[in-house]
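For reference, the chains in residue letters:
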Amino acid sequence: MIKVFNPADGSVVGVAPEMTSAEVQAAIDRTCQAFPAWSRTLAKTRGDLLRRWFELMRDDKRLFAEIIVKENGKCISEAMGEIDYGLGFIEWYAEEAKRVYGDTIPSHAANAQVLVFKEPAGPTAAITPWNFPFMMIARKIATALAAGCTMIIKPAELTPLTAYKMLEYARKAGIPEGVFEMVTGNPARIGELFTGDPRIRKISFTGSTAVGKMLAAASGHDLKKMTLELGGNAPFIVFDDAGIEQAAAGLVAAKLRNSGQVCISPNRIYVQDGIHDRLVAAVAEKVAGIRVDQGLQEEFVVGPLINQAGLDKVAGLVEDAREHGAQVVLGGKPHAKGGLFYEPTILTGLTDDMRIARTEIFGPVFPFYRFKTEEEVVARANRSEYGLVAYAYTRDHARSFRLSRDIEAGMVILNSGSVGTASVPFGGVKHSGYGREGSHYGIEEYVEVKYVLMAGLDA
Ligand code: NAD
């Protein structure tokens, strides 16, 4: 059995099965065997099952939120927000199942018709991280099932309790065995079984770039389709003409979400010289008013980091920046509560050659960098192997357009700190991965395009 710990106090909050290879293989077999019938199930029926699942979980939102708080550490209001976000995908794709339209194309040949079918890609597999235990699974399963694919999922071993509760509710809703399977155990071994099975036609992975690259390489053998949502190093750029209050509020909300353990968390905050000190002061005032605590209360609090490795990483990056000349405006050390809590931290005077500038922090740290010109900051923002999201605050529309065009990222967010919802395409470029989740683009990742030429119609 895999023990699941509460990061707020180290207590054991549940267990998940540690499956053998044979058990995982049996679940893969069920996923593959269920595909032909599921792919031929009416789109409306598939959508209705997803809708039913959505309704059952919506009615028990609080139950799910409490499980998330216990195994992930985020506070209850954030957990409720995550569930709404995740449910949004199930609702969206329950409707979208009916809209996977093919095409007809004017024929290039006489007495012929050209058709384009969109067919489900096949049995699929997914691997998800611990930072959004509900939403990540909802987003992947809903898209796959709507497209007519079956899916086997391996949730993060740190947060499997939410996942198994979702499976239980899926069964209650009538989503059958095989169509949605779940396995937990040794991640590397399960990854090998997924990538090594030629019947699995697509893998969707959200997690670190290192693991994503390994899975992509292993899947190359069978040329599986892949969606890779990997690491980020998001620039958050504030120009002199931005509204200070608006930018500070957007930054604090985006940064402290899940204690900074989010792939789209602002990771490099570039502020133009003329506004720098005032923005830092506005952010510091907001952050100083936020409590650090365990999450089972209604007020927004900054929770613990997920584990000791996460805490050590954040502490090490802050220490390194300090040694290389950064100033600590707020925080800068593990919280007096002990355990896995880290103080929300504001650092200024950072330079691009510091380790913190090149590393995904995954903690409640605001690293401030100064810049002078637009040209300079765009070049610095793009000087990263990652390209998931970029944020910018400016009131200049022409500049907004130039930034949207020139920044190398899958998503550019202007004058807001909020990114995701079911109706938009989420995903990155460069080492942040490829493929999109959400919107009509998301479902395209689960279909194959088949061109059919019907010639000889003059007979
Ligand atoms: P991780 O890569 O260690 O783990 C993610 C998942 O992969 C987990 O389920 C884990 O058990 C599994 N895994 C680990 N080793 C594996 C292996 N050898 N074979 C198969 N599966 C394996 O990442 P993490 O630390 O849990 O998550 C944080 C990372 O995820 C960060 O880099 C973050 O940016 C990224 N992330 C990206 C997005 C996005 O949408 N782009 C969203 C959330 C998190």
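Position numbers for residues start from 1 in each chain and track the written sequence from start to end. Local features in this predicted model are restricted to residues of pLDDT 70 or higher, and side-chain atom pairs are both shown and tallied only at a pLDDT of 80 or more, whereas totals for entire chains, interfaces and linings draw on every residue. Side-chain measures here rest on the full set of heavy atoms in the structure, leaving out hydrogens and waters.

Overview of the layout of surface pockets
Using protein atoms alone on a 1 Å grid, points that fit a 1.4 Å probe yet trap it form a cavity, whereas open point sets bounded by protein on both sides within 12 Å along at least five of seven lines form a pocket; residues with an atom within 4 Å of a point count as lining. Grid points are joined across faces, edges and corners, and a volume is the space filled by probe spheres set on the points. Computed from the structure, the largest pocket encloses a volume of approximately 930 Å³. Residue lining of the largest pocket: 36 residues in total, with Trp130, Phe205, Gly207, Ser208 and Val211 positioned closest to the centre. By the criteria applied, helices consist of DSSP H or I runs no shorter than four residues and strands consist of E runs no shorter than two, each listed in order from the N terminus. Elements that contribute at least two residues to the lining of the largest pocket include exactly helix H7 (187–196), strand S8 (202–206), helix H8 (209–220) and helix H11 (308–323). With six residues, H8 is the largest single contributor of residues to the lining of the largest pocket. Note on residue categories: nonpolar means Ala, Val, Leu, Ile, Met, Phe, Trp, Tyr, Cys or Pro, charged means Asp, Glu, Lys or Arg, and polar means any other residue, Gly included. A per-class count over the lining of the largest pocket returns 18 nonpolar, 12 polar and six charged. Taken domain by domain, the makeup of the lining of the largest pocket includes at least three residues from each of domain 1 (2–230 + 428–455) and domain 2 (234–414). Within this model, the second largest pocket holds a volume of roughly 230 Å³. Classifying every residue of the lining of the second largest pocket gives eight nonpolar, four polar and one charged. Delimitation of the domains relies on an automatic or database domain assignment.

Looking at the packing of helix H2 (residues 43–59) against helix H6 (residues 160–173)
Where H2 meets H6, the axes come as close as 8 Å, and the angle between the chain directions of the two elements is 125°. Between H2 and H6, the interaxial angle falls into the category oblique. The hand of the H2/H6 crossing is right-handed. Residues Leu49, Arg52, Trp53, Leu56 and Met57 of H2 pack against Met166, Tyr169, Ala170, Lys172 and Ala173 of H6. A breakdown of the residues in the contact of H2 with H6 according to their chemical character gives eight nonpolar, no polar and two charged. Interaxial angle, 0 to 180 degrees, is taken between N-to-C directions of lines fitted to C-alpha atoms, where a helix line uses only the stretch in contact. By the definition adopted for this analysis, an angle is roughly parallel if under 35 degrees, roughly antiparallel if over 145, roughly perpendicular if from 65 to 115, and oblique otherwise. Here a crossing is called left-handed whenever its near helix is offset anticlockwise from the far helix by less than a right angle, and right-handed whenever the offset is clockwise. The criterion used for residue contact is that any of the two residues' heavy atoms lie within 4.5 Å.

A closer look at the UniProt feature "domain: Aldehyde dehydrogenase" (unreviewed entry) in the protein
UniProt positions are given in the numbering used here, feature names are shortened, and annotations may be inferred rather than shown by experiment. In the UniProt entry, the feature "domain: Aldehyde dehydrogenase" (unreviewed entry) is given for residues 2–452. In the segment residues 2–452, helix accounts for 42% and strand for 19%; the C-alpha atoms at its two ends are 49 Å apart.

What about the site of the ligand?
Being near a molecule or strand, for a residue, means having at least one of its heavy atoms within 4 Å of it. Taken together, 29 residues surround the ligand, and among them Thr128, Trp130, Ser208, Leu230 and Glu360 come closest. Here Thr128 contributes a backbone N or O atom positioned 2.6 Å from an oxygen atom of the ligand. Between Glu157 and the ligand, the recorded distance is 3.1 Å, taken from a side-chain N or O atom to an oxygen atom. When the ligand is considered free in solution it has 830 Å² of accessible area, and contact with the protein chains removes 85% of it. A cavity or pocket is said to hold a molecule if more than half of that molecule's atoms lie within 2 Å of its grid points. For the ligand, the cavity whose grid points lie within 2 Å of the majority of its atoms is the largest pocket. Those elements that provide at least two residues to the shell around the ligand are helix H5 (135–147), H7, S8 and H8. For the shell around the ligand, the domains that each give at least three residues are domain 1 (2–230 + 428–455) and domain 2 (234–414). Think of a polar contact as two N or O atoms within 3.5 Å of one another; within protein, one of them needs to be a possible hydrogen donor and the other a possible acceptor, and neighboring residues in sequence only count if both atoms come from side chains. For the area figures, the Shrake-Rupley method with a 1.4 Å probe applies, and any residue is considered shielded solely by the protein chains shown.

With respect to the environment of His335
Here His335 shows up in the loop between strand S12 (327–330) and strand S13 (345–348). Relative accessibility decides the category of a residue: with a 1.4 Å probe and only protein chains considered, values under 20% of the type maximum give buried, values over 50% give exposed, and everything between is partly exposed. Under the relative-accessibility criterion, His335 is labelled partly exposed at 23%. In contact with His335, other than residues within four places in its own chain, are Val292, Phe341, Tyr342 and Glu343.

Details of the pattern of salt bridges
When the charged atoms of two side chains lie near each other, side chains of opposite charge can form a pair. A side-chain nitrogen of Lys or Arg and a carboxyl oxygen of Asp or Glu constitute a salt bridge if their distance falls within 4 Å. If you walk through the whole model with that rule in mind, you get 40 salt bridges. Residues Glu437 and Lys140 are paired through a salt bridge, measuring 3.0 Å at the closest nitrogen-oxygen approach. Separated by 297 residues along the polypeptide, Glu437 in the loop between strand S18 (429–430) and helix H15 (439–444) and Lys140 in helix H5 bring together distant segments of the chain. Each member of the pair, Glu437 as well as Lys140, is classed as buried. By sharing partners, the salt bridges in this structure join Arg51, Arg52, Glu55 and Glu91 into a single network.

Some remarks on the sheet that holds strand S4 (residues 113–120)
For two strands to pair, DSSP has to find at least two bridges joining them. With antiparallel pairing, three strands are arranged side by side in an open sheet as S3-S4-S19. With one partner strand each, in any of the chains shown, strand S3 (103–105) and strand S19 (447–454) form the two edges of the open sheet. Each strand of the sheet is rotated relative to its neighbour by a mean of 25°, with strand direction disregarded.

Considerations on the nonpolar core
Take the buried Ala, Val, Leu, Ile, Met, Phe, Trp, Tyr and Cys residues and link them wherever side-chain atoms come within 4.5 Å; each set so joined is a nonpolar core. Residues Trp53, Phe180, Ile264, Val283, Phe366 and Phe368 are the most contacted members of the largest nonpolar core, which totals 110 residues. Counting residues per element, this core draws most heavily on H5, which supplies 10 residues. The residues touching Trp53, leaving out its near neighbours within four places in the chain, are Ile90, Ile141, Met166, Tyr169, Ala170, Ala173, Ile175 and Phe180.

A word on the side chain of Ser384
Assignment of secondary structure puts Ser384 in the loop between helix H13 (374–382) and strand S15 (386–387). A distance of 3.0 Å separates the side chain of Ser384 from the backbone nitrogen of Tyr386, its partner in a polar contact. Non-local contacts of Ser384, meaning those with residues more than four positions away in its chain, are made with Asn233, Arg268 and Lys430.

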